[in-house]
Amino acid sequence: MAKINPSGSALLYSTYLGGSSSDISRGIAVDSSGNAYVTGGTLSTDFPTASPLQVYLGAYDTFVTKINPSGSALVYSTYLGGSLYDYGNGIAVDSSGNAYVTGATASTDFPTASPLYATKGGSWDGFVSKISAAPAELPRTGQTTCYDSAGAVSACAGTGQDGEIQAGVPWPNPRFTDNTN
C-alpha cells in the first residue's frame, strides 16, 4: 500500500500490511481526512490488529484496516469472518467515517448484525458489513456478577460473561442460563 503526493512526484508513505502467511489487499478507500481503509483476505493468525472486532476464526478471513493519514499507525484493524473462507473484495467509507465492506463467504457462522438475510443460502454468499467509525466493542448488559456452570457466583474475569470488556471475543454459548434463583 502506498500514498503518493497529488502531483505524483513523491512517495509519501509505502508499507507492507500483513502477517507471517498469505495476505492480499483487494480494496481501498480514503476519507476526507486522509485515513486509508483497506480490505482483503488473510491466512495469517498474526495479522496486525488494533481495537479488533474479532480474532482469527477461519481458514481464510477478511481483514478491515484503517490507517491514519500519515501512514504511521493503525487506527483500527480487525479480522472479519467465520470458520471457513471469507474474502473482503471492496470497501467504501461515508462522510461519518463508517466503513462498508463487501466480499464473499463460505462460512455459515459469518458475523451478522441486523441482517437482511440471517442464513447463508449457497455454498458461497456475498456479504455487506458496516463497521462504525469509532472502534467497536461488543455490547454488554452491565452485568457485574458472574456464575459458573453449576450456578454458583464466580469471578467474571476470563469467563466471557458481561462483567468485563469482550472486544473481539464471541459470546459464550449458551450466553445465559437459568440458575433457578
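Structure: see above.
These numbers were taken from a predicted model, which means no experiment stands behind them.

Draft legend 1. Structural view of the pairing of strand β6 (residues 74-80). With respect to burial, β6 is a largely interior element, five of its seven residues being buried. Summarising the sheet, strand β5 (residues 61-67) and β6 pair through six bridges and their orientation is antiparallel. Directly across from T62, in β6, lies its bridge partner L80. Count of turn residues in the β5/β6 antiparallel hairpin: six residues, of which G71 carries a positive phi of about 75 degrees.

Draft legend 2. Summary view of the nonpolar core. Grouped together as the largest cluster of nonpolar side chains are 11 residues: A29, Y37, V64, Y76, L80, I91, A99, V101, F110, F127 and I131. Apart from the residues within four sequence positions on either side, V101 is in contact with T39, T62, V64, G90, I91, F127, V128, S129 and I131. Grouped together as the second largest cluster of nonpolar side chains are five residues, L17, V38, F47 and Y79 included.

Draft legend 3. The pairing of strand β4 (residues 36-42), seen in detail. Counting buried positions along β4 yields seven of seven residues, so the element is predominantly enclosed. Residue alternation in β4 divides its side chains into two sets, A36, V38, G40 and T42 and Y37, T39 and G41, and both sets are buried. As judged from the seven bridges shared by strand β3 (residues 23-30) and β4, these two strands associate in the antiparallel manner. Considered in β4, the bridge of A29 is made with Y37. Linkage of β3 to β4, two consecutive antiparallel strands, is achieved through a turn of five residues, within which G34 is found at a positive phi near 95 degrees.

Draft legend 4. Quick look at the sheet that holds strand β7 (residues 86-93). Here we have three strands laid out as an open sheet, ordered β7-β8-β9, and antiparallel in their pairing. Lying at the two open borders of the sheet, with one neighbouring strand each, are β7 and β9 (125-131). In this sheet, adjacent strand axes meet at a mean angle of 20 degrees when their direction is disregarded.

Draft legend 5. Region of the structure containing unusual backbone geometry. The phi dihedral of S51 is positive, around 50 degrees, even though this residue is not glycine. When you line up the elements, S51 lands in the loop between β4 and β5.

Calculation criteria
Residues numbered from 1 in each chain as written. Predicted model: local features only at pLDDT ≥ 70, side-chain atom pairs only at ≥ 80, totals over all residues. Heavy atoms only, no water. Buried < 20%, exposed > 50% of the residue type's maximum accessible area, 1.4 Å probe, protein only. Helix = DSSP H or I, 4+ residues; strand = E, 2+ residues; numbered from the N terminus. Pairing = 2+ DSSP bridges. Core = buried A, V, L, I, M, F, W, Y, C linked by side-chain atoms within 4.5 Å. Contact = heavy atoms within 4.5 Å. Axes fitted to C-alpha atoms, helices over the stretch in contact; angles between N-to-C directions.

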